[in-house]
Amino acid sequence: MKQKVALVLASGGARGLAHIGAIEELESRGYQITSIAGCSIGSLIAGIYASGKLQEGKQWFLSLDKQKILSLGDFAISKNYLVKGDRTVNAFREIVPNCNIEELPIPVSLIASDIIHNKEVVIEQGDLFDAVRASVSIPLFFRPVQKDDMLLVDGGILNACPLNRVRRTEGDLLVAMNISAPDSLSIEKPKSIKISDKIMSHLPDFVADMVEDFLREREEDYLSDSITYTSLLSRMTDMMIQNNTVLMNRLVHCDILAQMPMNKYPTFAFDEAEQIIEDGRQLMRQAIDEYEANTKTKTTAGYKPALP
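Presented here is an overview of the structure given in this document.

Conventions used here
Residues numbered from 1 in each chain as written. Predicted model: local features only at pLDDT ≥ 70, side-chain atom pairs only at ≥ 80, totals over all residues. Heavy atoms only, no water. Phe/Tyr/Trp six-rings, centres within 6.5 Å; stacked < 30°, edge-to-face > 60°. Buried < 20%, exposed > 50% of the residue type's maximum accessible area, 1.4 Å probe, protein only. Helix = DSSP H or I, 4+ residues; strand = E, 2+ residues; numbered from the N terminus. Right-handed = clockwise from strand over helix to strand, strands pointing away. Pairing = 2+ DSSP bridges. Salt bridge = Lys/Arg side-chain N within 4 Å of Asp/Glu carboxyl O.

### Considering the packing of aromatic side chains
Moving on, step 1. For the structure on display, the rule yields two aromatic pairs.
Moving on, step 2. Ring centres 5.4 Å apart and planes at 80° place the aromatic pair W60 and F61 in the edge-to-face group. You'll find W60 and F61 in the same group, each marked buried.
Moving on, step 3. Put simply, the rings of W60, F61 and F270 touch in pairs and so form one group of aromatic residues.

Structure representation (structure tokens):
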């Protein structure tokens, strides 16, 4: 009998492609994913996996290049967002059949943040990609999602690694892929993301400026005068998310935890899909090896209920 796994997939932009490699590694090692919780990009991968379309989704991500990434941006002139976000999500509707979350073969919990009532929202019913659209809504970048009396944005703001939201069954293991772990000082700065002048010339000037701010690598010296409002906001958000994931990992015992430093890849480095997926596979492999080595010498607790 395969070992059951309750899987948690964290937020983290393009680093979330590591979730694909992590899932493939788990399955190749004989683990059975029986429930899943996701936040932001983790919600997207959770929905694709639970729908049985992981390989199709993987091939779509591998086909991305910088220009195709930008073409998915339905830019808008707005005072509170840069991209509507509908075009991006609709691209995945072509991969995953339209369905409700409760109709999926395994329990799925997706995380969003309600900025009206200042609370975390756990979505376990309703249209799958409406939920994904809410969970991935990076503040200031994607348009927030109106739902009833709530205004929903990226779940990573409040619970980037939702270990306490995945539904558990007796005898399962809690496994997580945290892609917003504290920065590593040993990581070299990745190359800056550049967009062709031809494409940039078709954008309004203020949109082009914002695109460059969002897509450029964090190469600024945060103690220098070169810091911008955008880079400062980005760094503050990074620090908040990193600390939230550290605290969650302390609150909830995780049987197998694979972690990628937040500064390993930029948020929008989707054109590096192949390497990110492989890194996720390697990180999960190391985490599984460590767990299995420990279980040879001691008995593990196994089932641990999630926090309320």
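### Describing the pairing of strand β2 (residues 31-39)
Moving on, step 1. Of all the nine residues making up β2, eight are buried; the element is thus mostly covered by neighbouring parts of the structure.
Moving on, step 2. With helix α1 (residues 18-28) bridging strand β1 (residues 3-9) and the parallel β2, this β-α-β connection has right-handed handedness.
Moving on, step 3. Of the pairings in the sheet, the one linking β2 to strand β3 (residues 108-114) comprises four bridges and is parallel in character. Counterpart to G38 in the pairing with β3 is L110.

### Considering the pairing of strand β6 (residues 150-154)
Moving on, step 1. Within β6, four of the five residues are buried, which leaves the element mostly enclosed by the surrounding structure.
Moving on, step 2. In this sheet, β6 lies alongside β3 in antiparallel orientation, the contact comprising three bridges. Within β6, the position partnered with S113 by the bridge is V153.
Moving on, step 3. Relative to β6, strand β5 (residues 145-147) runs antiparallel, the two sharing three bridges. For Q146, the partnering residue across the bridge sits in β6 and is L151.
Moving on, step 4. Between β5 and the antiparallel strand that follows it, β6, lie two residues; D148 among them carries a positive phi value of about 55°.

### Points about unusual backbone geometry
Moving on, step 1. The phi torsion at S40 lies on the positive side, around 60°, for a residue other than glycine.
Moving on, step 2. Looking at where S40 falls in the secondary structure, it is placed in the loop between β2 and α2 (41-50).

### Thoughts on the pattern of salt bridges
Moving on, step 1. Across all of its chains, the model carries 11 salt bridges by this definition.
Moving on, step 2. A salt bridge links R281 to E24; its shortest N-O distance comes to 2.9 Å. With R281 in helix α11 (residues 273-295) and E24 in helix α1, this residue pair connects regions lying 257 residues apart in the sequence.
Moving on, step 3. You can call R281 buried: its relative accessible area is 16%.
Moving on, step 4. The partner of K264 in a salt bridge is D279, with the nearest N and O atoms 4.0 Å apart. Of this pair, K264 sits in the loop between β8 (256-261) and α11 while D279 sits in helix α11, and the two are 15 residues apart along the sequence.
Moving on, step 5. For K264, a relative accessible area of 31% translates into the label partly exposed.
Moving on, step 6. Judged by its relative accessible area of 13%, D279 falls in the buried class.
Moving on, step 7. Overlapping salt bridges, with partners in common, bring together E25, R29, R285, D289 and E292 in one network.

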